[in-house]
Amino acid sequence: MSDLINVLPDSIANQIAAGEVVQRPASVVKELLENSVDAGSSRIRLAVYEGGKNGIQVIDNGLGMSPIDARLCFERHATSKITKASDLESIVTMGFRGEALASIAAVAEVTLITRRSQDELGVKITLSGSSVIENTPTACSIGANFFVRNLFFNVPARRRFLKSTAVEFKHVVAEFLRVALSNPQIAMALYHQQVTVYNLAATNPKQRILDLFGKELNESLIPIDLVSDTVTIQGFIIDPLLTKKRYNEQYLFVNGRYMRSAYFNRAIINAFERLVPNEVLPSFFLYFTVDPQRIDVNIHPTKTEIKFEDEHVIWEILFS
């Protein structure tokens, strides 16, 4: 009887990893925007076509990459954020696994044009299904320009599961809002089919909320500023009694990273229960600052679920 276990070739391993990281165009948007934030950009431009199904372009003015780094960034587990296992305990960047770009390149056609300030020429690299098609020097601006085309072109079953352009674009907007809200210091723009959807100037957290959700919110934003040994919580809740429109904007961030937390949401909803009618959901934009060593951001491939060492203490603080 022959042996049963095979070591998968990289191309198949990358497609499997892509299944965890890249679920739809919005997944690509999230990873590329977070890379631009990590690169120290002060300006990020996102353009999508057909809700991202036909094209996603992210252009930033960040650090850019050397020709070697530009090629290496598409390898699995290639990361500039980690050199030893203990680094996982104090992650402060958005990306760190080194899976995202490899996963995207495995299921799409990707072109990267990038240059660092110290280099006279940049580099243009094109990949299709993980295979390098082009790798040439080129004149370009400082920063990075990623263009992802034909998502899931080589995984037709995944392509068929994509929804309508309107639905996919709604998911793209949701990812854009999360990055825009957690990084008000960065000027950000979003275009769909070459039409401007958002054009946001660099500003402060409150103004960014007003720029995204409307100036009529100005009077109803209640500031939160709470400092304890365990956590600092800043941000705003919307006073539901002061707005004519019913908002359902619920955003939680920890150390600049968007997070989902039914547990902390429940603390806020419980606190609101005695103050507002049952049908009114609380709206909030809350930014937690916690010692990176007291949270684990590595429990889910998309890094939106975060484990807290002191979650019971934080629940009580949040509720009070």
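That block above? That's the structure.
Since we're looking at a predicted model, the values are computed, not measured.

Draft legend 1. Spatial organisation of the pairing of strand E4 (residues 122–128). By the criterion of burial, E4 is predominantly enclosed, with five of the seven residues buried. The pairing of strand E3 (residues 109–115) with E4 spans six bridges and is antiparallel. In the sheet register, Val110 faces E4, and the bridge partner there is Leu127. The loop that links E3 with its antiparallel partner E4 comprises six residues. As paired elements, E4 and strand E5 (residues 131–138) share seven bridges and run antiparallel to each other. Each bridged residue has a counterpart across the sheet, and for Ile125 the counterpart in E5 is Asn135. What sits between E4 and E5 in their antiparallel hairpin is a turn of two residues, with Gly129 showing a positive phi close to 55 degrees.

Draft legend 2. Representation of the packing of aromatic side chains within the structure. This model, assessed by the stated rule, comprises 14 aromatic pairs. On the numbers, 6.4 Å between centres and 70 degrees between planes, the contact of Phe74 with Phe146 is edge-to-face. Residue Phe74 is found in the loop between helix H3 (67–72) and helix H4 (100–106), and its partner Phe146 is found in strand E6 (residues 143–149); the two are separated by 72 residues along the sequence. Assigned by exposure class, Phe74 and Phe146 land together as buried. Both rings, one in Phe253 and one in Tyr258, keep their centres 5.9 Å apart while their planes meet at 70 degrees; by these two values the pair is edge-to-face. The burial state of Phe253 is the same as that of Tyr258; both residues are buried. For Arg45, the ring lying beneath its charged end belongs to Tyr191, and the centroid distance is 4.3 Å.

Draft legend 3. Inspection of the sheet that holds strand E10 (residues 232–238) at higher detail. The strand order across the open sheet formed by five strands is E9-E10-E13-E11-E12, and the pairing between neighbours is mixed. The open sheet has two edge strands, strand E9 (221–227) and strand E12 (257–259), and neither has a second partner. Averaged over all pairs of adjacent strands, the angle between their axes in this sheet comes to 20 degrees, without regard to strand direction. As defined by bridge partners, E10 adjoins strand E13 (residues 283–289) across seven bridges and the pair is classed as antiparallel. Each bridged residue has a counterpart across the sheet, and for Phe236 the counterpart in E13 is Phe285. On top of the sheet, helix H7 (residues 205–213) reaches E9, E10, strand E11 (250–254) and E13; it is set at about 145 degrees to E9, its chief contact.

Draft legend 4. Spotlight on the pattern of salt bridges. Here the structure, examined in full by the defined rule, presents nine salt bridges. Arg116 is the salt-bridge partner of Asp119, the closest N and O atoms lying 2.8 Å from each other. According to the relative accessible area criterion, Asp119 is buried, its value standing at 16%. Its relative accessible area of 25% is what places Arg116 among the partly exposed residues. Of the charged contacts in the structure, one is a salt bridge between Arg294 and Glu309, with a shortest N-O distance of 3.2 Å. Here Arg294 is found in the loop between E13 and strand E14 (295–296), whereas its partner Glu309 is found in the loop between strand E15 (307–308) and helix H9 (311–319), with 15 residues between them in sequence.

Rules used throughout
- Throughout, a residue's number is its position along its own chain's written sequence, starting from 1.
- Selection of residues for local features in this predicted model requires a pLDDT of at least 70, selection of side-chain atom pairs for listing and counting requires 80 or more, and totals for whole chains, interfaces and linings are taken over all residues.
- Note: side-chain values were computed over all heavy atoms of the structure, leaving out hydrogens and water.
- Working definition: with a 1.4 Å probe on protein chains only, accessible area under 20% of the residue-type maximum means buried, over 50% means exposed, and in between means partly exposed.
- Note on conventions: DSSP H or I runs of at least 4 residues are helices, E runs of at least 2 residues are strands, and numbering of each starts at the N terminus.
- Paired strands are those between which DSSP finds at least two bridges.
- When two rings of Phe, Tyr or Trp (its six-membered ring) have centres within 6.5 Å they constitute a pair, described as stacked for plane angles under 30 degrees, edge-to-face for angles over 60, and tilted for the intermediate range.
- Charge over a ring is defined by NZ of Lys or CZ of Arg lying within 6 Å of the ring centre and within 35 degrees of the ring normal.
- The angle between two axes is taken between their N-to-C directions and runs from 0 to 180 degrees, where each axis is a line fitted to C-alpha atoms and a helix contributes only its stretch in contact.
- A contact between two residues is defined here by any heavy atoms of the two lying within 4.5 Å.
- Here, a salt bridge means any Lys or Arg side-chain nitrogen found within 4 Å of an Asp or Glu carboxyl oxygen.

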